[in-house]
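# Analysis of the macromolecular model
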Amino acid sequence: MQTASKLFMTAVAMTLAHTVFAGQVELQCRRGTGDCNANVHVTKASSGAPCQANVGNGRIRVKRDAGPVRHVWKIVTAPNDKSQYEWDIPNGIEILKDPDHQVLNSGINKNGHFWILNANTVPGSEIEYIAHVHQVVRHAENVKCESVDPRIINDLL
């Protein structure tokens, strides 16, 4: 009886793990199709919690192609959120880990979007980053939004 219930619990755990993994959104990017665009969804502060900057894609997977890929992030707010949000300059997208030195350059473009250039030369290389966005409360006062740290992954093939 114990063996049957252990098998059942293992099957349930595997099903839940598969469901969680399948629910994770992954953006697929390829060189030669323009920029690899991703949104940073900002939610306004609620009772006691600061605003939150959430990259809509937990992972950005870069297909193996020759040459670099340019990643561009845009700040997106809910239609009813009239707050003003800005990138924390110069670290709009801060690179937390880049062990294979895949990030070649970064900055803010003329449309106010933050970008980095991924060399895309090391198969399987992972770049961990975090989005730094702040909410403008008054003219000279900003509140830093919380963020989650997703990854850019160079495909193995």
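This section reports on the structure supplied with the text.

Calculation notes
Residues numbered from 1 in each chain as written. Predicted model: local features only at pLDDT ≥ 70, side-chain atom pairs only at ≥ 80, totals over all residues. Heavy atoms only, no water. Disulfide = S-S within 2.5 Å. Buried < 20%, exposed > 50% of the residue type's maximum accessible area, 1.4 Å probe, protein only. Helix = DSSP H or I, 4+ residues; strand = E, 2+ residues; numbered from the N terminus. Pairing = 2+ DSSP bridges. Core = buried A, V, L, I, M, F, W, Y, C linked by side-chain atoms within 4.5 Å. Contact = heavy atoms within 4.5 Å.

This paragraph deals with the state of the cysteines. The final tally for this structure, using the stated rule, is two disulfides. Put simply, Cys29 and Cys36 are joined by a disulfide, and their sulfur atoms are 1.7 Å apart. An S-S torsion of about 45° defines the bridge between Cys29 and Cys36 as right-handed. Looking at Cys36, the relative accessible area reads 4%, which means it is buried. Residue pairing for Cys51: its cysteine sulfur links by disulfide to Cys145, the two sulfurs lying 2.0 Å apart. The sign of the S-S torsion, about -90°, decides the handedness of the disulfide formed by Cys51 and Cys145: left-handed. In this pair, Cys51 sits in the loop between strand S2 (36–43) and strand S3 (52–55) while Cys145 sits in the loop between strand S12 (141–144) and strand S13 (146–147), placing the two residues 94 residues apart along the sequence. In the protein chain, the bonded cysteines, numbered by position in the sequence, are linked as 1-2, 3-4.

Looking now at the pairing of S2. Here S2 shows one buried face, formed by Cys36, Ala38, Val40 and Val42, and one open face, formed by Asn37, Asn39, His41 and Thr43. As judged from the seven bridges shared by S2 and strand S5 (residues 69–77), these two strands associate in the parallel manner. Bridged to Asn37 within S5 is Val72. In terms of strand pairing, S2 meets S3 through four bridges, oriented antiparallel. Paired with Thr43 across the two strands is Gln52, which belongs to S3.

Nonpolar side chains in soluble globular proteins generally cluster together in the buried interior. With 25 residues, the main nonpolar core has Val40, Ile60, Trp73, Trp87, Val133 and Ile152 as its most contacted residues. Counting only elements with at least two residues in this core, the list comes to strand S1 (26–29), S2, S3, strand S4 (59–62), S5, strand S6 (84–87), strand S9 (114–118) and strand S10 (126–131). Looking at this core element by element, the count peaks at four residues for S2. With residues up to four places along the chain from it excluded, the contact list for Val133 reads Val40, Val42, Ala53, Ile75, Tyr85, Glu86, Trp87, Val143, Lys144 and Cys145.

Before going further, it helps to spend a moment on the environment of Asp149. Mapped onto the elements of the fold, Asp149 is located in the loop between S13 and strand S14 (151–154). On the basis of relative accessible area, Asp149 is assigned to the partly exposed category, the value being 43%. A C-alpha to C-alpha distance of 4.5 Å links Asp149 and Ile130, two positions 19 residues apart in sequence. Excluding anything up to four places from it in sequence, Asp149 contacts Leu96, Tyr129 and Ile130.

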